[in-house]
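Letter by letter, the chains look like this.
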Amino acid sequence: VQLQASGGGLVQAGGYLRLSCAASGRTFSSYAMGWFRQAPGKERDFVAGISRPGGSTYYADSVKGRFTISRDNAKNTVYLQMNSLKPEDTAVYYCAADLALFPNRYPSEYDYWGQGTQVTVSS
């Protein structure tokens, strides 16, 4: 599976962005999907995950109520809608695929990664 993340950019605090992650191949629906982020000098952290069929979603406490993960298996795409953005959300955002039913919070458990897309939130 090859993953291509897009949708990042520069936005003011309180604004919104929608990230997309397009997957190649016909096995997209076999993977749980996750979004992670990495700020300069920090570790890569779990942001949100969605189960293989899409019925279960999981979020980091820092983004609950502001971010929404979703997927469209017909389009081989996973999305991350980010609302009420804060400067501390600034990071490179990565999508990842985990050959499992449910997503994992640990980056080491994921099998494939996208290239990352920069999100910058100005105060």
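First, a word on scope: everything that follows refers to the structure included in this document.

How each quantity is defined
- Residues numbered from 1 in each chain as written.
- Predicted model: local features only at pLDDT ≥ 70, side-chain atom pairs only at ≥ 80, totals over all residues.
- Heavy atoms only, no water.
- Disulfide = S-S within 2.5 Å.
- Helix = DSSP H or I, 4+ residues; strand = E, 2+ residues; numbered from the N terminus.
- Pairing = 2+ DSSP bridges.
- Axes fitted to C-alpha atoms, helices over the stretch in contact; angles between N-to-C directions.
- Buried < 20%, exposed > 50% of the residue type's maximum accessible area, 1.4 Å probe, protein only.
- 1 Å grid on protein atoms, 1.4 Å probe; cavity = no way out; pocket = protein on both sides within 12 Å on 5 of 7 lines; lining within 4 Å.
- Points joined across faces, edges and corners; volume = space filled by probe spheres on them.
- Nonpolar A, V, L, I, M, F, W, Y, C, P; charged D, E, K, R; others polar.

1. Concerning the state of the cysteines
Item 1. Evaluated as defined, the whole model comprises one disulfide.
Item 2. Across the disulfide, Cys21 is cross-linked to Cys95 (sulfur-sulfur distance 2.1 Å). On the sign convention where negative means left-handed, the S-S torsion of about 65 degrees between Cys21 and Cys95 marks this disulfide as right-handed. Placement of Cys21 in strand β3 (residues 17–23) and of Cys95 in strand β9 (residues 91–98) is noted, with a sequence separation of 74 residues between them.

2. Digging into the sheet that holds strand β1 (residues 3–6)
Item 1. With respect to topology, four strands assemble into an open sheet ordered β1-β3-β8-β7, the strand pairing being antiparallel. At either end of the open sheet lies a strand with only one pairing partner, and these are β1 and β7 (67–72). Direction aside, the axes of adjacent strands within the sheet are offset by 15 degrees on average.
Item 2. Relative to β3, β1 runs antiparallel, the two sharing four bridges.

3. Remarks on the pairing of β3
Item 1. Where burial is concerned, most of β3 is hidden: five out of the seven residues are buried.
Item 2. In this sheet, strand β8 (residues 77–82) lies alongside β3 in antiparallel orientation, the contact comprising six bridges. Note that in β8 the partner of Ala22 across the bridge is Thr77.

4. Topic: the layout of surface pockets
Item 1. Within this model, the largest pocket holds a volume of roughly 150 Å³.
Item 2. If you trace the largest pocket, you find 13 residues lining it, with Arg37, Ala39, Lys42, Asp45 and Glu88 closest to the centre.
Item 3. At the level of secondary structure, the elements contributing two or more residues to the lining of the largest pocket comprise β4 (32–38) and β5 (45–50).
Item 4. Top contributing element to the lining of the largest pocket by residue count: β5, with three residues.
Item 5. Residue composition of the lining of the largest pocket, by class: five nonpolar, three polar and five charged.

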